[in-house]
Amino acid sequence: MPRTTSRRRSARAAENTTASAPALIELLPQESVAVTATDKKLAKLSADALVVAVAKTPAGPDVLMPLDAKGLPENLQEQAQTVGASGAADEVLKIAAPKGSAWSLIVLTGLGTGEESGSEVEALRRAAGAATRALTKTQHAVFALPVETLEEAGAVAEGIALGAYSFAAQKGKTAHTVGAPLAKATVLAPGLDSKALVAACSRADTVGRAVSRARTLVTLSPDTVYPAAVAQLAEDLAERSSGAVSVEILDEAELAQGGFGGLIGVGQGASRPPRLVRVGWEPKNPVESVALVGKGITFDSGGLSLKPAQSMETMKSDMAGAAAVLATVFAAAEAELPVSVTGWLCLAENMPSSTATRPGDVIRIRGGRTVEVLNTDAEGRLVLADGLVAAREEDPGLLLDIATLTGAQMVALGTRTAAVMGDDDAVETVLAASVASGEDLWPMPLPHHLRASLDSEVADLKNIGDRNGGMLSAGLFLKEFAGAQEAAEESAVEPVGPWAHLDIAGPSFNDSKPWGYTPKQGTGFGVRTMFAAVELVAGQPV
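The text that follows walks through the structure, step by step, so that each part is easy to find. (Residues numbered from 1 in each chain as written. Predicted model: local features only at pLDDT ≥ 70, side-chain atom pairs only at ≥ 80, totals over all residues. Heavy atoms only, no water.)

1. Concerning the environment of Lys307
You can see Lys307 is positioned in the loop between strand 10 (289–300) and helix 10 (309–312). The exposure class assigned to Lys307 is buried, which follows from its relative accessible area of 15%. When residues no more than four places from it in sequence are discounted, the contact partners of Lys307 are Asp300, Ser301, Gly302, Met312, Met315 and Asp377. (Helix = DSSP H or I, 4+ residues; strand = E, 2+ residues; numbered from the N terminus. Buried < 20%, exposed > 50% of the residue type's maximum accessible area, 1.4 Å probe, protein only. Contact = heavy atoms within 4.5 Å.)

Printed below as a string of structure tokens:
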């Protein structure tokens, strides 16, 4: 991949900006909650609020008092029932602390029955996040949740980091209505190793800030987040990393010269041209390499296959995959994970115009394979194909792509569960990472009988297949450019690292009410799973 000079990249990335438009880096969260853990006596931990868990049981709500409950009211169980606590997941209630307490407020956060979250660890993460969301405009809170292991302590810390998020970057006169997130949190973790707790809190901070970064990019308006702006953001973040992360950018001329027909074909109808951005973290002695490819359609109108107006309202979120990849690479660098991590941001706007790709056009993907475009609203797979081929050229040990790819994913799995499909080894890694991170993914097949529906009379492939199983045929399309077997057939280098595709169309954007540690709008889904996958590749406990 050719390199561009820093000066040239900056000039290119500045296209289509106005004098008053702030750089994206100025709109990202600048601060995060300060999370620490301690085994001190509860009564000695003064704060504005104390958070205690309530479980939902057949007999009613059960307040899980900490082992050292000195300072807590003896009738807290009765008080919880009086205020209507049920212990349900996401339920948060506040009661006044007794006079003379070390805290002004006692916060009851529901753990649920355990079935809602899938595991006790995730229930703790979710309960901590829900309580944190309710503690806006609060300086300091102590979390006395039922923590017995380092994994549980880390989950509480991470839930706090994920819950301490708000978005006011584009608010004007109503900015004051958005409460500042919790500023400081202390996790009560009696009997656990202090050094390990410091490391767990540090990891939670890294992951929390990465997720917040991805959330904000997805939530920001599409007139602010466009290909050149995201490319500039990557450079700005790299400068802040003091050279730890490298950035290479291809503009539209270089994409055409390099044969990236997917990006050119999708982006040619827009006034803001496409970009391919490579961001890389390279430790001194990497034990393995991972490549992450993200779909970055900064706005998706559907192109000439135009979407209905209502379907466009949330299409700023069609770059959630690229946002997650960008955030993950910088998180891996910050954590100094001993794995080479390369992110490929496939950035374009999909717009209708006289220069847009027409249904029936044939485009040539990087590497020479041709695709007949029958539906211009099936554009994500086209830009991903270019990115996957480019990533394969560097022979990574593990290749993952992540995309808001199909509406069929939501039909099959809903809005909170993502799909994963691909080579068995990669799918197993992703599923293990998702369990550890608390993000819900479900394995899906790539049936051979659907592959024939992608055959074209005039090109090597069509960009759409059978409508029945649309999520799966989209995965089969990507497999042609990324699957280990397919790549090995065209490569002189073997073995080829396994590949998996994550379809996050539903979980990437929450247009319902907040829940757990998840806010409205951009969710940052995928960051935690990919970060945990890199940790697994590194041989580190997650």
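Next comes the rest of the account.
2. Brief notes about the sheet that holds strand 13 (residues 370–372)
Taking strand neighbours across the sheet as the criterion, the three strands line up as 12-13-17 in an open arrangement whose pairing is mixed. Sheet topology places strand 12 (362–364) and strand 17 (461–462) at the edges, where each strand pairs with a single neighbour. Sheet analysis places strand 13 next to strand 17, joined by two bridges and oriented parallel. Among the inter-strand pairings, Glu372 is bridged to a residue of strand 17, identified as Lys462. (Pairing = 2+ DSSP bridges.)

3. Details of the nonpolar core
Grouped together as the largest cluster of nonpolar side chains are 71 residues, with contacts concentrated most on Leu24, Val277 and Leu326. Among the elements that line this core, the one with the most residues is helix 11 (residues 320–334), at 12 residues. Counting residues in hydrophobic clusters, the runner-up holds 42 residues, among them Leu250, Leu384, Leu405 and Met421. (Core = buried A, V, L, I, M, F, W, Y, C linked by side-chain atoms within 4.5 Å.)

4. Thoughts on the pairing of strand 4 (residues 92–96)
Alignment of strand 4 against strand 5 (residues 103–112), held across five bridges, turns out to be antiparallel. Each bridged residue has a counterpart across the sheet, and for Ala96 the counterpart in strand 5 is Leu105. Taking the residues that link successive antiparallel strands as the turn, the strand 4-strand 5 hairpin has six residues, and the phi of Gly100 there is positive, at about 85°.

5. Section: the packing of aromatic side chains
On inspection of all chains with the given rule, the structure shows one aromatic pair. Arranged with centres 5.3 Å apart and planes meeting at 50°, the rings of Phe477 and Phe481 form a pair that is tilted. Here Phe477 pairs with Phe481, and both are found in helix 16 (residues 470–482), just four residues apart, close to one helical turn. Exposure remark for Phe481: the relative accessible area of 7% places this residue in the buried category. Against the face of Phe481 rests Arg369, its NZ or CZ located 5.4 Å from the ring centre. Stacked on the ring of Trp515, the Lys or Arg Arg416 has its end atom at 3.7 Å from the ring centre. (Phe/Tyr/Trp six-rings, centres within 6.5 Å; stacked < 30°, edge-to-face > 60°. Lys NZ or Arg CZ within 6 Å of the ring centre and 35° of its normal.)

6. Let's talk about the pattern of salt bridges
A side chain of one charge can pair with a side chain of the opposite charge if their charged atoms are brought near each other. Scanning all chains against the criterion turns up 23 salt bridges. For Arg528, the salt bridge goes to Glu158, with nearest N and O atoms at 3.5 Å. With Arg528 in helix 18 (residues 527–538) and Glu158 in helix 5 (residues 150–163), this pair connects stretches of sequence that are 370 residues apart. For the pair Arg528 and Glu158, one class covers both residues: buried. A salt bridge links Lys307 to Asp300; its shortest N-O distance comes to 3.5 Å. Counted as one network, the salt bridges with shared partners bring together Glu122, Arg125, Glu158, Arg203, Glu439, Arg528 and Glu535. (Salt bridge = Lys/Arg side-chain N within 4 Å of Asp/Glu carboxyl O.)

7. Description of the pairing of strand 11 (residues 340–350)
Of all 11 residues that make up strand 11, 11 are buried, and the element is covered over most of its length. By the alternation rule, side chains of strand 11 split into Ser340, Thr342, Trp344, Cys346, Ala348 and Asn350 and Val341, Gly343, Leu345, Leu347 and Glu349, which are all buried. Summarising the sheet, strand 9 (residues 275–281) and strand 11 pair through seven bridges and their orientation is antiparallel. Paired with Val277 across the two strands is Leu345, which belongs to strand 11. Bridge count between strand 10 and strand 11: 11 bridges; the pairing is parallel. In the strand pairing of strand 11, Ser289 is matched with Ser340.

8. A few points about the side chain of His501
Inspection of the secondary structure puts His501 in strand 18 (residues 499–503). Here the side chain of His501 touches Asp401 through a polar contact of 2.5 Å, side chain to side chain. What His501 contacts, discounting residues up to four positions off in sequence, is Asp401, Ala403, Leu405, Ala419, Val420, Met421, Gly475 and Leu478. (Polar contact = N/O pair within 3.5 Å; in protein donor to acceptor, adjacent residues only side chain to side chain.)

9. Some words on empty space enclosed by the protein
Per the counting criterion, the structure on display carries three cavities of 30 Å³ or more. Its boundaries defined by the atoms lining it, the largest cavity holds a volume of some 90 Å³. Gly265, Val266, Asn350, Thr357 and Thr376 are, among the 14 residues lining the largest cavity, the residues nearest its centre. Residue classes in the lining of the largest cavity are distributed as six nonpolar, seven polar and one charged. (1 Å grid on protein atoms, 1.4 Å probe; cavity = no way out; pocket = protein on both sides within 12 Å on 5 of 7 lines; lining within 4 Å. Points joined across faces, edges and corners; volume = space filled by probe spheres on them. Nonpolar A, V, L, I, M, F, W, Y, C, P; charged D, E, K, R; others polar.)

10. Let's talk about the environment of Ala332
Along the chain, the position of Ala332 falls in helix 11. Ala332 sits in the buried class, given a relative accessible area of 0%. Sequence spacing of Ala332 and Thr82 is 250 residues, and the spatial spacing of their C-alpha atoms is 47 Å. Sequence-distant contacts of Ala332, that is, excluding residues within four places in its chain, are made with Trp281, Leu337, Val341 and Phe531.

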